[in-house]
Structures are given as structure tokens and as C-alpha cells.
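# Structural characterization, general
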Amino acid sequence: MNEMLAHTQPGIQFQSSFNPSVYCPSLLSSRMLLRRVGLTALSVLAPVALAVALAVYRLDPFDPAPLPLEEIFSHEVVVAPRVNGRLLLDSELLASGQLLGAEDFAFDSDSQVIYTGCADGWIKKVSVNHSAADIVVHNLVNTGGRPLGIALGLNRELIVADADKGLLHVTTDSEVKLLTDEAEGRKFKLTDGVDIAKDGTVYFTDASWKYSLHDSVWEFLEGRPHGKLLSFNPITGETRVLARDLYFPNGVVVSPDQKYIVFCETIMRRCRKYITQGENAGSIDPFVDNLPGLPDNIRYDGANQLYWIGLPMSVKPYWDIAQSYPMVRKVVGIITRHIGRPRFEKNSGVLALDLEGMPVAHYYDPGLGLITGAITVGEHLYLGSLGYPHILRVNISQHPAL
């Protein structure tokens, strides 16, 4: 408008801005009225919204329990002396689109094949080649469930912890057989990690007898121990509960000397040792506490004499608050039920520990989430996840933790 008037009346100067309230007092009054109405409405609606929120909180049946904080926070957070914080940038993406949720690995050194279980139920064979372009993926067998932990048996068969089906045996002819799906009269709900001792004993975990993998977020929010560490004797067919009342027991690995097994307790941010031999057999000792993330799978790297632990997410102050206060976890539960689950999975990666449980190296990336575990083959570290449609591979000689 100003520009048009300047053209029609040369020589007349106009202010660059136009304040309608100077010429239209009624407009200013209308704005003030609207502001007052808005403030009045807010003062009325805010208490109503608060009352509704409190009512929803009180009426919601979800009842989280206090966690044993004295155990969770009893140590300083573990810090590795060597770190690579650019894991995603240093990695290759292998078989993209063919390996959705390749959660755990078993490597057959004779055939140079990695076996892994995927989110679609397929157990797949992945050829190991130096060139990413030459990686070949074959479908082996579909379990009809969700295979998680996987281990190569003494006769090249596969033992699979299937979250939905239980502990499975996959023959060399790709036949799937159920080994066990219950203990002490209670069905497994979330069969998770697995490893095999040299005597053939299978050690595995049932992360929760209450919640399935699909509903596992509630295990974390509820804060009660529903997990078990178990063994299966392939000769007698006996399933034994070795430890109960665990907070989401996850990955498990037999020590190289076969004297103990290490199992990860995800919610508690720790790994512990279950002694299998000697006068202390049956006892549980600490291995590593207050990890920098929530531990998932654990695998032994014989070439480097290291344990590799998958860390699906790092631990941040907001997670400390949630674990410390059941009320906060209940609010998160209500949000999860009515809106959707908040996503906390960031800064994911893997941590290398020596045989004494001391940290050696930490590989992670702020852009990664839900990395569940890793194995080494030669100079390469292969990483799996719960959600990516590929596996990651990094040459740890070319891209070491420093």
C-alpha cells in the first residue's frame, strides 16, 4: 500500500511501517480482548487438564516397582581406555535389505559362513568375503518365530534361542526341532541368549516369563525380575533353572576355560559369572557393573581373548531418573500405551572386555541404535541389530579404537 501511494504522489514521504492500532483503536481493543479471553481459557483449562492427567495416572493399573538402585549405582560407569566414536562412518553396510534385524551371529570357520536369525523368522547364511559386493545371503530355514541368540553346535548343527518358540535345534539338513520351551511347569515367554559348552551342555536365558519380545518394553518399565538363566542337557533332555529372579537376562557365553559362564542382565547394566565347576559351582559372582549402556549379547573372541558386548543404547541422565523413580516409569508407560513408545536408543555400539571383565575398547556412534552384538572374523568386526536391514562391518585394524 505504501509503495502504491508513493508512486501516485511523488515527493510525499511515508513511514516504512504501518501501525494499524494508531488509526484503528477498535482493532487494538479486539486484540486485548482476545488475549484476555485466551488467558482466561488457559486458567480454566489448565487445572482441568491437570485433573484429567492425575485421574488417568491414578486409574491406570500399571504399577512399576522400585529397582535395587544400590546395585545399579554401586560403581562408577565403566570407561574404556580406547574409543572409536565414529563407528557408523567407519563401517560398511552388508547385504542391505536382506538381513532385517540380524540380532546375533554364529561363525563356522570351516565353511567361512556366518549364521544369523532375522526378524522375519529366517535363519540365514552369510558368506564371508573381503569385498562387500561379494557377500552372498542364503535362506536356511524359517523357525516360524523370532530367532535371537544362535550358537554353532558340536556337530555343526545350530542351537537357536527363539523368542516365540523356545530353544530350538536346527539340523544340518535344515530341520527344526524343539528342545525345550518350559521349566518347572512354566512356559518361556522370551527365550533370548544361548551358548554351548564343550561337553554339549546348552546354556540359555529366558528374559521374561511375563512379557513377550513384542511387549518387552513393559519389562523395563515395570522393574520386577521375571528372568531366568537355564541349562539344557542334550543327552537326558533335562532343563534346569540355574538362576531365577533376574532383571532381563540376555546374552550368555561360556568362558574359554569352561569354568563359568557370563550372562548379561540388561536392566541392571551388568554382566555376572555363574560358576559351573569346582567347589563354588552354582554360585554367582560379579563380572562387570555399571556399563556405559544396556548390555545385550556377549560373544568370546578367541583370537584376541576378548569378550564383545552389544550395547543397544547408552545410559543417559533421563534413563537414570526413570530407573530411580517408579512414578516416572508409570508416566512413560501411560505415554507408551496411549501415544507411542518414546525412543531412547542412541549412541549404540559394542564394548570389548578382557577375561577379567576390564574394559579394553568401546566402539559406538551417536547415529546408531539397537546394536545387539558382534563377532570378529579376521580383521573385521561384524555387528548385528534388532532393526537395521543389514549388518555392519568395520575393519578394526584400519579403524581402531584409540
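Structure first, text after, so check above.
Residues numbered from 1 in each chain as written. Predicted model: local features only at pLDDT ≥ 70, side-chain atom pairs only at ≥ 80, totals over all residues. Heavy atoms only, no water.

### Concerning the sheet that holds strand S19 (residues 270-275)
In a beta sheet, neighbouring strands pair by backbone hydrogen bonds and run either parallel or antiparallel. Across the sheet, four strands lie side by side as S17-S18-S19-S20; this open sheet has antiparallel pairing. Each end of this open sheet is capped by a strand with a single partner; those strands are strand S17 (249-254) and strand S20 (284-288). On average, adjacent strands in this sheet sit at an angle of 30° to one another, irrespective of strand direction. (Pairing = 2+ DSSP bridges. Helix = DSSP H or I, 4+ residues; strand = E, 2+ residues; numbered from the N terminus. Axes fitted to C-alpha atoms, helices over the stretch in contact; angles between N-to-C directions.)

### Re helix H7 (residues 317-324)
Buried within H7 we find Trp319, Ala322 and Gln323. Down the axis of H7, the buried set is contained in an arc of 95°. They therefore lie on one face. Looking at the buried side of H7, the elements it contacts are helix H4 (69-72), helix H6 (217-222) and helix H8 (326-338). (Buried < 20%, exposed > 50% of the residue type's maximum accessible area, 1.4 Å probe, protein only. Arc of directions from axis to C-beta. Contact = heavy atoms within 4.5 Å.)

### Some points on a nonpolar patch on the surface
Together, Met327, Val331, Ile335 and Ile339 make up a nonpolar patch on the protein surface, roughly 390 Å² of accessible area in all. Tracing the chain through its elements places isoleucine 335 in helix H8. (Patch = residues over 30% accessible without salt bridge, like charges linked within 9 Å, V, L, I, M, F, W, Y side chains within 5 Å. Areas by Shrake-Rupley, 256 points an atom, 1.4 Å probe, with all protein chains shown as cover. Salt bridge = Lys/Arg side-chain N within 4 Å of Asp/Glu carboxyl O.)

### Digging into unusual backbone geometry
Even without a glycine there, the phi angle at alanine 95 is positive, about 55°. At phenylalanine 248, a residue that is not glycine, the phi angle is positive and equals roughly 55°. For phenylalanine 248, the position within the fold is in the loop between strand S16 (239-246) and S17. Residue phenylalanine 248 is classed as buried on the basis of its relative accessible area, which comes to 4%.

### Regarding the pattern of salt bridges
Applying the stated rule across the entire model yields 19 salt bridges. Here arginine 244 ties to glutamate 184 by a salt bridge, and the two come within 2.6 Å at their closest N and O atoms. Placement of the pair is arginine 244 in strand S16 and glutamate 184 in the loop between strand S11 (182-183) and strand S12 (186-187), with a sequence separation of 60 residues. Taking relative accessible area as the criterion, glutamate 184 reaches 61% and is therefore assigned exposed. Among the ionic pairs, aspartate 195 bridges to arginine 299, the shortest N-O distance being 3.8 Å. Here the residue aspartate 195 occupies a position in strand S13 (residues 191-196), and arginine 299 occupies one in strand S21 (residues 298-301), the gap between them amounting to 104 residues. By the burial criterion, aspartate 195 is buried, and arginine 299 matches it. Via salt bridges that share partners, Asp63, Lys210, Glu222 and Arg224 belong to a single interconnected network.

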